Amino acid sequence: MKFFKVDSYEKLSRQAANIISAQVILKPDCVLGLATGSSPIGTYKQLIKWCDKGDVDFSEVTTFNLDEYVGLDGSHDQSYRYFMNSNFFDHINIRKENTFVPNGCAEDLDEECQNYENMIRKAGGIDLQLLGLGLDGHIGFNEPDEYFCRDTHIADLHESTIKANARFFGDESLVPTQAITMGMVSIMQAKKIILIANGQGKKEILEKAFYGPVTPFIPASILQLHPDITVIYSEN
Ligand code: GLP
């Protein structure tokens, strides 16, 4: 594991963006696993700038997002599809048909999970996975539990996650209670992983996840077993 502590969110974002652009430059038709939340916004902004300058080209890239709220369609401004389009995809030269986010409004959600799983396999798996870190140690929406969930599945969001995400919705009662999330197999089979976290609030969970025991009660702790993981943390 490589652990970088940097002194600003800007540096964190540039460093993560540097690793992602290196991946895209070395393998233009790579498969990126992408994340939402506030942490990756700076990374996406930096990548947009470099794409504008012609330094990085996303035209052959395929992306799979980690998760989506159940019940929100892509036009809802809190859906992760909407987030990805407005914070990233709309501003780079990626082909939208090569960007995948689970469909939280699918008629048959179990089938949607299975299809998503199959699509990732068909694309050859993920070359580089970007992750944020939930305050309870979740990655994607893999919440603390007695076991690690293998495949793409429907997760019941824990109360603390609902509370943490209420800031985006304005009111806790508006936060969906379930989400479709990629499971641990696709995440752990990614050839390379970058996890980004910023702010004092993430310090304790980061220490538990990366310097404590590997346990499903802190889902991110499984990442300690990944052969190529880079963690970038900024306290500010
Ligand atoms: C959500 C997302 C996660 C993300 C987490 C942390 O719950 N499902 O993928 O990592 O929030 O978000 P933030 O970066 O805003 O702290």
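Description of the structure in this document. Because the structure is a prediction, the values reported are computed rather than measured.

### Side note on the overall build of the protein chain
Each helix and strand counted, the protein chain has 7 helices and 10 strands in total. Rg of the C-alpha trace for the protein chain: 16 Å, near the compact-globule value of 18 Å for 236 residues, within the 12% margin. Considered along the principal axes of its C-alpha atoms, the protein chain spans approximately 45 × 40 × 35 Å. Taken across its 236 residues, the protein chain has 55% of its residues classed as buried. The contacts in the protein chain between residues at least 6 apart in sequence include a share of 78% that link residues at least 24 apart. Carbon and sulfur atoms provide 50% of the accessible area of the protein chain, an area that totals close to 10700 Å². Here the protein chain holds 21 positive side-chain charges and 33 negative ones, and the gap between their average locations is 9 Å.

### Let's talk about the packing of helix α2 (residues 41-52) against helix α3 (residues 80-87)
Orientation of α2 relative to α3, taken along the N-to-C sense of each, is 40 degrees, at an axis distance of 10 Å. With respect to α3, the element α2 is oriented oblique. Contact residues: I41, Y44 and I48 in α2; F83, M84 and N87 in α3. Split by residue class, the contact of α2 with α3 holds 5 nonpolar, 1 polar and no charged.

### Comments concerning the environment of N142
Residue position: N142 is located in the loop between β6 (128-131) and β7 (153-156). Considered as a pair, N142 and I218 are 76 residues apart in the sequence and their alpha carbons are 9.4 Å apart. The contact partners of N142, leaving out residues within four places of it in the chain, are C149, H153, T181, M182, G183, M184, I187 and P219. Of note is the side chain of N142, whose polar atom sits 2.8 Å from the backbone oxygen of M182.

### Observations regarding the site of the ligand
Lining the immediate surroundings of the ligand are 13 residues, of which S38, S39, D67, H138 and K202 lie closest. Contact distances for the ligand include 2.6 Å between an oxygen atom and a side-chain N or O atom of S38. Within the backbone of L133, a nitrogen or oxygen atom sits 3.4 Å from an oxygen atom of the ligand. Bound to the protein, the ligand loses 95% of the 390 Å² it would expose on its own. Assessed atom by atom at 2 Å from the grid points, the ligand resides in the largest pocket.

### Focus: the packing of helix α1 (residues 9-26) against α2
Look at α1 against α2: their axes get within 8 Å of each other, and the N-to-C directions meet at 55 degrees. It follows that α1 is oblique to α2 by the angle criterion. Seen from above, α1 lies across α2 with right-handed handedness. On the side of α1, the interface is formed by Y9, S13, R14, A16, A17, N18, I20 and S21, while α2 contributes I41, G42, T43, Q46, L47 and W50. Within the contact of α1 with α2, the residues separate by chemical class into 7 nonpolar, 6 polar and 1 charged.

### Considering the side chain of N65
Its location among the elements puts N65 in strand β3 (residues 62-65). Excluding residues within four positions of it along the chain, N65 makes contact with L34, A35, T36, M84, F89, F100, V101, P102, Y116 and M182.

### Notes on the pattern of salt bridges
Counted according to the given criterion, the structure contains 14 salt bridges. Among the salt bridges present, the one from K2 reaches D228, with a minimum N-O distance of 3.8 Å. One end of the pair, K2, is in strand β1 (residues 2-6); the other, D228, is in the loop between α7 (203-211) and β10 (229-234), and 226 residues separate them in sequence. Judged by its relative accessible area of 43%, K2 falls in the partly exposed class. A salt bridge links K27 to D127; its shortest N-O distance comes to 3.0 Å. Residue K27 is located in the loop between α1 and β2 (31-34), and its partner D127 is located in the loop between α4 (109-122) and β6; the two are separated by 100 residues in the primary sequence. Counted as one network, the salt bridges with shared partners bring together K2, K192 and D228.

What counts and what doesn't
- Residues numbered from 1 in each chain as written.
- Predicted model: local features only at pLDDT ≥ 70, side-chain atom pairs only at ≥ 80, totals over all residues.
- Heavy atoms only, no water.
- Helix = DSSP H or I, 4+ residues; strand = E, 2+ residues; numbered from the N terminus.
- Rg over C-alpha atoms; globule rule 2.2 N^0.38 Å.
- Buried < 20%, exposed > 50% of the residue type's maximum accessible area, 1.4 Å probe, protein only.
- Contact = heavy atoms within 4.5 Å.
- Areas by Shrake-Rupley, 256 points an atom, 1.4 Å probe, with all protein chains shown as cover.
- Lys, Arg positive; Asp, Glu negative; His and termini not counted.
- Charge placed at Lys NZ, Arg CZ, Asp CG, Glu CD.
- Axes fitted to C-alpha atoms, helices over the stretch in contact; angles between N-to-C directions.
- Parallel < 35°, antiparallel > 145°, perpendicular 65-115°, else oblique.
- Nonpolar A, V, L, I, M, F, W, Y, C, P; charged D, E, K, R; others polar.
- Polar contact = N/O pair within 3.5 Å; in protein donor to acceptor, adjacent residues only side chain to side chain.
- Near = heavy atom within 4 Å.
- 1 Å grid on protein atoms, 1.4 Å probe; cavity = no way out; pocket = protein on both sides within 12 Å on 5 of 7 lines; lining within 4 Å.
- Sits in = over half its atoms within 2 Å of the grid points.
- Left-handed = near helix turned anticlockwise from the far one by under 90°.
- Salt bridge = Lys/Arg side-chain N within 4 Å of Asp/Glu carboxyl O.

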